[in-house]
Structure formats: structure tokens, C-alpha cells
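Each chain, written out:
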Amino acid sequence: MTEVSKSFTGKDGSFKAVDGVTLSIKEKEIFGIIGESGAGKSTLMRFINALETPDSGDVYVDGVEVGKLTGKRLRTHQKDIGMIFQHFNLLGNRTVEDNIRLPLTLHKYKTPLSLDEVLDFTGLSDKRSSYPAELSGGQKQRVGIARALITRPKILLCDEPTSALDENTTYEIVDVLHKAQHEYGMTVVIVTHELNVIKTLCHRAAVLDQGRLIDTIDVVHEKDGRSGKSYHERVLEVLKGD
Ligand SMILES: Nc1ncnc2c1ncn2[C@@H]1O[C@H](COP(=O)(O)OP(=O)(O)OP(=O)(O)O)[C@@H](O)[C@H]1O
């Protein structure tokens, strides 16, 4: 995206939520967008699937200018992009398998995955007939991931996917996302304020501050990877510096 900006009207008048951001995300990379609350992270990410439209600047996905798409071509573009949310956005009156299948009932997809494959991939095979209220937070997010994966998206947008979860569950979800990128070769864009999630999962990260891009960082990964550690090991690491 090049020089993208977007203003909103708040109680003190108009302000720039995204301010002249230029960045490029590579195919199949896991790219983080970090910054404090209100920095413009979600708005920037939502330009990619046209849930938000910039006031100025251009967004290109696969060489196609998103702002020029309308009608069927816009829908085709949006169908290539899956999304998962902080609060999961599941339908409470539908079972796990009906929630996961939902996108396939709304649109026709060329090469969807099978329900059994995504249930197995996300470790939910024994929960297929459960309702969201019967699931833990981590299980609900795995349903959200399965619902996105079933359409076999080229790009997966993740808006604060672990912010409603405790630390252990966060690493469980980070592992599922990592595995999903590896298995299905998607580009993953993840908005979060949790630096540990970026550190464990992302190849690169953009830092936003009051709508401006202030840095793009190549993430250095620890050799042993934090996600394999137990909760107790991580507590010791943080509190005692082990
Ligand atoms: N539709 C909208 N109308 C008015 N203001 C909006 C709208 N969407 C976002 N904003 C405001 O724009 C700013 C950036 O919002 P955005 O959600 O992109 O930030 P963020 O970095 O993702 O923050 P958070 O981590 O709190 O979600 C915030 O001040 C937000 O209140």
C-alpha cells in the first residue's frame, strides 16, 4: 500500500486514524502490525479486504488495485481473504460444525477444504456438535480459525486473535496459526498489541504510532521458540529472567 490515509470524525473533530502509510507485505509471510490502542492498526489491516476504504493512497493485493474493484470482482477479492476476530464472532445458536461451514453456505468457493479436514487440523473433531457456549476461549478461537480456513484463503487477516485469551491459550492459538500458514501457504497479517505474539509468530512487523508508520522490523526468533514452553517455564522466564 502506498501513502494510505484515513480520517474519522471523533468528539474533538476530524483526526487521521491512518496517516500516509506505505508498506509492502510479501506473499506467504506472517506480518505483524503493532502499536498502542487507537494507533490505527485495525483500520490499516481492513484496507486489505476493503472493509475500510482509504481517503487517499492506493492498496494493491496481488497487483490488483483494491480501490478500483466493484461488484463481482470485489466479492471475488474478498472471498480470497479470511478473517479472525478478537471476540471470535461465532453464532451462539449454531453448532461448531455449522459455524465452520457458514461461509460455504453464503458463497461458492472454488477449492474449499473439507469440514473433516479443518476440524482435524484445529483439533476440534470431538466438538463438532457442541455449541459455542460449551467451549473454552481457545476452542472458540480455533472454531474461528477453522471457519476461515475452510474457504482456503490466500490471505488470513487476524484482528487481535489472542487478546481475549490467557497466556497458555495464546500460545496454543499462535501454534495453530503458525501451522496453518505452513500447511496452506497463506499470507498472514496479524494486528496485536502483544509483543510476545509478534516475537513468536511473525517474520516482520510494522510499528504504528498515531496513524503513522514509525518502523518496520525484521523479527529475530529465539532458537527454542517460546511456544513450546510450559506455563511454569514462561512464568520463571519472565519473573526470574531464567
Ligand atoms: N468507524 C470509525 N468511526 C470513527 N472513529 C473510528 C472508526 N474506526 C476507528 N476509529 C478510530 O480511529 C482510531 C484508530 O482505530 P483502530 O481501531 O484502527 O486502532 P487500533 O490501533 O486497532 O486500536 P485498538 O487496538 O484499540 O483496536 C481510534 O481512535 C478509533 O477510535
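Residues numbered from 1 in each chain as written. Predicted model: local features only at pLDDT ≥ 70, side-chain atom pairs only at ≥ 80, totals over all residues.

Participant: Which parts of the structure should I look at to understand the overall build of the protein?
Facilitator: When helices and strands are counted, the protein shows 8 helices and 11 strands. The C-alpha radius of gyration computed for the protein amounts to 18 Å, which stays within 12% of the reference 18 Å derived for 242 residues, consistent with globular compactness. Taken along its principal axes, the extent of the C-alpha atoms in the protein is 50 × 50 × 35 Å. Expressed as a percentage of the 242 residues in the protein, the buried residues total 36%. By sequence separation, contacts in the protein at least 24 residues apart represent 70% of the contacts at least 6 residues apart. (Helix = DSSP H or I, 4+ residues; strand = E, 2+ residues; numbered from the N terminus. Rg over C-alpha atoms; globule rule 2.2 N^0.38 Å. Buried ≥ 20, exposed ≤ 12 C-beta atoms within 10 Å, placed from the backbone. Contact = placed C-beta atoms within 7 Å.)

Participant: Please clarify how the site of the ligand should be interpreted in this entry.
Facilitator: For the ligand, the set of nearby residues contains 13 residues, the closest of which are Phe8, Ala17, Ser37, Ser42 and Thr43. At the level of secondary structure, the elements contributing two or more residues to the shell around the ligand comprise strand E1 (2-10) and helix H1 (41-46). A total of 3 residues in the shell around the ligand trace back to one element, the largest contributor, which is H1. Here the residues of the shell around the ligand sort into 4 nonpolar, 8 polar and 1 charged. (Near = placed C-beta within 6 Å. Nonpolar A, V, L, I, M, F, W, Y, C, P; charged D, E, K, R; others polar.)

Participant: Help me understand the packing of helix H5 (residues 137-149) against helix H6 (residues 167-184) in this model?
Facilitator: When two helices pack together, their arrangement is given by the angle between their axes and by how far apart the axes lie. Two numbers describe how H5 lies on H6: the axes approach to 9 Å, and their chain directions differ by 15 degrees. Our classification of the angle between H5 and H6 gives roughly parallel. Considering the relative orientation of H5 and H6, their crossing is right-handed. Residues Gly137, Gly138, Gln141, Arg142, Ile145 and Leu149 of H5 form the contact with H6, whose participating residues are Thr169, Glu172, Ile173, Val176, Leu177, Ala180 and Tyr184. Per-class residue counts for the contact of H5 with H6 are 7 nonpolar, 4 polar and 2 charged. (Axes fitted to C-alpha atoms, helices over the stretch in contact; angles between N-to-C directions. Parallel < 35°, antiparallel > 145°, perpendicular 65-115°, else oblique. Left-handed = near helix turned anticlockwise from the far one by under 90°.)

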